[in-house]
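One letter stands for each residue in the lines below.
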Amino acid sequence: MAPAARSRRLGTGFIVPVVVFVAVFYLYPLARNVVLSFQDYDISSLYSGNAPFIGFANYRKLLSTPAFATAVVNTVVFVAGSLFFQFTIGLGLAVFFHRSFPLSRLLRSLMLIPWLLPLVVAGTLFRWMLDTSNGVVNQILLTLHLVQDPVPWLNTPDTAMAAVLLCNIWIGVPFNMVILHGGLQAIPTELYEAASLDGAGRLQQFRYVTLPQLRPVISIVLTLGLIYTLKVFDVIWVMTKGGPANATNTISTYAYQLSFGGLSEFGLGAAAGVLLVVVAAVFALLYLRTLRAEPGVRG
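So, a few notes on the structure that sits alongside this text. (Residues numbered from 1 in each chain as written. Predicted model: local features only at pLDDT ≥ 70, side-chain atom pairs only at ≥ 80, totals over all residues. Heavy atoms only, no water.)

**So, the overall build of the protein**
Here comes step 1: Across its full length, the protein carries 14 helices and 0 strands.
Here comes step 2: Along the protein, helices (α) and strands (β) appear in the sequence α-α-α-α-α-α-α-α-α-α-α-α-α-α when read from the amino end.
Here comes step 3: In terms of C-alpha radius of gyration, the protein reaches 24 Å, well past the compact-globule figure of 19 Å for 299 residues.
Here comes step 4: Along the three orthogonal principal directions, the C-alpha set of the protein runs to about 80 × 75 × 35 Å.
Here comes step 5: Counting all 299 residues of the protein, 36% fall into the buried class.
Here comes step 6: Taking as baseline every contact in the protein between residues at least 6 positions apart, the subset at least 24 positions apart corresponds to 66%.
Here comes step 7: As presented, the protein carries roughly 17700 Å² of accessible surface, and 69% of it is formed by carbon and sulfur atoms.
Here comes step 8: Computed over 18 positive and 11 negative side-chain charges, the separation of the two mean positions in the protein equals 14 Å. (Helix = DSSP H or I, 4+ residues; strand = E, 2+ residues; numbered from the N terminus. Rg over C-alpha atoms; globule rule 2.2 N^0.38 Å. Buried < 20%, exposed > 50% of the residue type's maximum accessible area, 1.4 Å probe, protein only. Contact = heavy atoms within 4.5 Å. Areas by Shrake-Rupley, 256 points an atom, 1.4 Å probe, with all protein chains shown as cover. Lys, Arg positive; Asp, Glu negative; His and termini not counted. Charge placed at Lys NZ, Arg CZ, Asp CG, Glu CD.)

As C-alpha cells, this is what we get:
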C-alpha cells in the first residue's frame, strides 16, 4: 500500500469514531428534539405511537403562556446577574493575584475549588447552608442578632432568585479569575512602565492599559459565561426546582418541567428546548467570530 493511501486510511480511522460519536450523541438527539417540537406528543403518544404533526402550534402556545414569559424574564435576570458579578469579582481577584506575594499560588489554587466541584454538590451545599431551620447562614444571623426569625431563603419568591444567583456566582468566579489572570500575564510590562513614566497612576493604567489589552479576553470570557449560564439546570433544580411560585424557573428548568415534571407535554418541552438551543447557538457563533478576529487565529 502506498504511503499516501496508508496515511489517508489512518486519518479516516481516527475521524470516523468521532463522526459517529457526534452523530449518535449530538446530532440525532438534536434533530429528534426539533422534530418532536412540531408534534402533538404527550404521555398517550408513548403507548399509542400517535403523535400528529401540528406545525408551529407548540411554539405559538409556548410564547403565549404566562409561565414561559416568567421563565424568560427569570433567565435574563439569572444570566445578567451571574455574568456581572462573576466577571467583576473574577477581574478583581485576577488583578489581586497578578502581583506575586507569599502563598499566592496556594490561595489561587484554593479559589478553584468551587469550579471543580460537581454542580449537584455545589447546589446541595448551598441548599443546606440556606435551609430555613438548620442552615448555617440563619444560625449565624440569629447568633449575631441580625434577624429575629429564620429567613426562608429558598421558600420566598423575593429571596429565592438571589439564593440561586449567589450559588452560581460562587461557582463561576474561579473560571473568570483564571482566564482573566492569564490575560493579565500576557500584557507586556513595558506598557505599564511607559504609562508610569508618562505620569499615569494605577487607576489610569488600569483604564488605559489593562482594560484595552484585556478586551479580547473579556469578550471571550463573557461570551462563554453567557452560553454556560443560559443552560444552567443542575444548580436551580437541586436548590429550588424552579420555585417557589416559578420565582426561579428559567427556560431550562421550565422545559424539563413540561416534559418530565408531571405535565408530560413533550412537544412543548421540546419547543422550549429548541428555543434555548437557538439562543445559545447565536452566542456560540459570536464566540467563534470573536476567536477568528483574534491575531494568529485562523478558521
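**Quick look at helix α7 (residues 119-129)**
Here comes step 1: Every buried residue of α7 is accounted for by Ala122, Gly123 and Phe126. Seen along its axis, α7 keeps its buried residues to an arc of 95°; they face one direction.
Here comes step 2: On its buried face, α7 is in contact with α9 (157-185) and α12 (234-239). (Arc of directions from axis to C-beta.)

**Quick word on the layout of surface pockets**
Here comes step 1: Volume-wise, the largest pocket comes out at about 740 Å³.
Here comes step 2: In terms of lining residues, the largest pocket is bounded by 22 residues, among which Leu30, Asn33, Gly273, Val274 and Val277 are the most central.
Here comes step 3: At the level of elements, α1 (3-36), α13 (251-260) and α14 (266-293) are the ones that each hand at least two residues to the lining of the largest pocket.
Here comes step 4: For the lining of the largest pocket, the element with the most residues is α14, which contributes 8 residues.
Here comes step 5: When its residues are assigned to classes, the lining of the largest pocket shows 15 nonpolar, 5 polar and 2 charged.
Here comes step 6: Lining the second largest pocket are 14 residues; nearest its centre among them are Val95, His98, Arg99, Tyr192 and Thr210.
Here comes step 7: Contributions of two or more residues to the lining of the second largest pocket are made by α4 (66-98), α9, α10 (189-197) and α11 (202-230).
Here comes step 8: With 5 residues, α11 is the largest single contributor of residues to the lining of the second largest pocket.
Here comes step 9: Classifying every residue of the lining of the second largest pocket gives 7 nonpolar, 5 polar and 2 charged. (1 Å grid on protein atoms, 1.4 Å probe; cavity = no way out; pocket = protein on both sides within 12 Å on 5 of 7 lines; lining within 4 Å. Points joined across faces, edges and corners; volume = space filled by probe spheres on them. Nonpolar A, V, L, I, M, F, W, Y, C, P; charged D, E, K, R; others polar.)

**Some words on the side chain of asparagine 168**
Here comes step 1: Tracing the chain through its elements places asparagine 168 in helix α9.
Here comes step 2: With residues near it in sequence (within four places) discarded, asparagine 168 still touches Phe78, Ser82, Gln86, Tyr228, Thr229 and Val232.

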